[in-house]
Amino acid sequence: EAKCIFYTHSNKEKNDTDDDEVLLKSIAQFFHTQSPKTCVVITLGSKGAVALCGGDIILKQNAPRVTENPVDPTGAGDAFIAGFLYGYYYATNNNTSSLERALWFGCNLGTKCIQQMGASVPISKEDIESMINY
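Procedures and definitions
Residues numbered from 1 in each chain as written. Predicted model: local features only at pLDDT ≥ 70, side-chain atom pairs only at ≥ 80, totals over all residues. Heavy atoms only, no water. Salt bridge = Lys/Arg side-chain N within 4 Å of Asp/Glu carboxyl O. Helix = DSSP H or I, 4+ residues; strand = E, 2+ residues; numbered from the N terminus. Buried < 20%, exposed > 50% of the residue type's maximum accessible area, 1.4 Å probe, protein only. 1 Å grid on protein atoms, 1.4 Å probe; cavity = no way out; pocket = protein on both sides within 12 Å on 5 of 7 lines; lining within 4 Å. Points joined across faces, edges and corners; volume = space filled by probe spheres on them. Pairing = 2+ DSSP bridges. Polar contact = N/O pair within 3.5 Å; in protein donor to acceptor, adjacent residues only side chain to side chain. Core = buried A, V, L, I, M, F, W, Y, C linked by side-chain atoms within 4.5 Å. Contact = heavy atoms within 4.5 Å.

S.K.: Explain the pattern of salt bridges to me, and be specific about the residues and the numbers.
M.R.: All told, the structure shown has two salt bridges when counted by the stated rule. Residue Lys47 pairs with Asp20 through a salt bridge whose shortest N-O separation is 2.5 Å. A residue pair is termed long-range when its members are at least 10 positions apart, and Lys47 in the loop between strand 2 (39–43) and strand 3 (49–53) and Asp20 in helix 1 (residues 17–34) qualify at 27 residues. The exposure class of Lys47 is partly exposed, given its relative accessible area of 27%. By relative accessible area, which is 7% here, Asp20 ends up buried. Measuring nitrogen to oxygen at the nearest pair gives 2.9 Å for the salt bridge that ties Lys60 to Glu21. One end of the pair, Lys60, is in strand 4 (residues 56–61); the other, Glu21, is in helix 1, and 39 residues separate them in sequence.

S.K.: Outline empty space enclosed by the protein, supporting the account with residue identities and numerical values.
M.R.: This model, assessed by the stated rule, comprises one cavity of 30 Å³ or more. Quantified by volume, the largest cavity comes out at close to 30 Å³. Lining the largest cavity are Ala28, Phe31, His32, Thr38, Val40, Leu52, Cys53, Gly54 and Gly55. The set of elements that each furnish at least two residues to the lining of the largest cavity consists of helix 1 and strand 3.

S.K.: So what's going on with the pairing of strand 3? Residues and values would help.
M.R.: Among the five residues in strand 3, four count as buried, and that is most of the element. The loop that links strand 2 with its antiparallel partner strand 3 comprises five residues; one of these, Gly45, has a positive phi angle of about 65 degrees. Note that strand 3 and strand 4 share five bridges and pair antiparallel. Within the sheet, the bridge partner assigned to Ala51 lies in strand 4 and is Leu59.

S.K.: Can you break down the environment of Ser35 residue by residue, with the values?
M.R.: Checked against the element boundaries, Ser35 lands in the loop between helix 1 and strand 2. Within the structure, Ser35 has its side chain in polar contact with the side chain of Thr38 (distance 2.4 Å).

S.K.: Could you give an account of the nonpolar core, with specific residues and numbers?
M.R.: A general tendency of soluble globular proteins is for nonpolar side chains to be buried together. Among the nonpolar cores identified, the biggest contains 10 residues, and these are Cys39, Val41, Ala49, Ala51, Phe80, Phe84, Leu99, Ala102, Leu103 and Cys107. Elements that contribute at least two residues to this core include exactly strand 2, strand 3, helix 2 (76–93) and helix 3 (98–113). Ranked by the residues each element gives to this core, the list is headed by helix 3, at four residues. Excluding anything up to four places from it in sequence, Ala49 contacts Ile42, Thr43, Leu44, Leu59, Lys60, Gln61, Phe80, Leu103 and Cys107. Grouped together as the second largest cluster of nonpolar side chains are nine residues, Val40, Ile42, Leu44 and Val50 included.

So this is what it looks like as structure tokens:
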């Protein structure tokens, strides 16, 4: 049984957060009936990310800033997952709120990724630290 599933939600046609909320709750209910112990993490692009568990939205994390004209979105999802996993690992080993920290790191790294061209361009430790002052 899965413990965590990552999913990307895109609602480019409209910018209606009420519709997003209804859809996210529907997704939460679906996964809860299929696998009650599974946590689902959904990235929402410039809106950030949410964690769904127990049939409801349990945590929301806004993106650190809205980037109107991203340089290149390639790799943003991969960067989010890397940041999420690092944040979860870090929090687990430092006795802090792991899911909150994981979403925060994921959103920050995903945002940092879209600010440069190419997904495989390394981001310096200084660049990451300048963005991540949790």
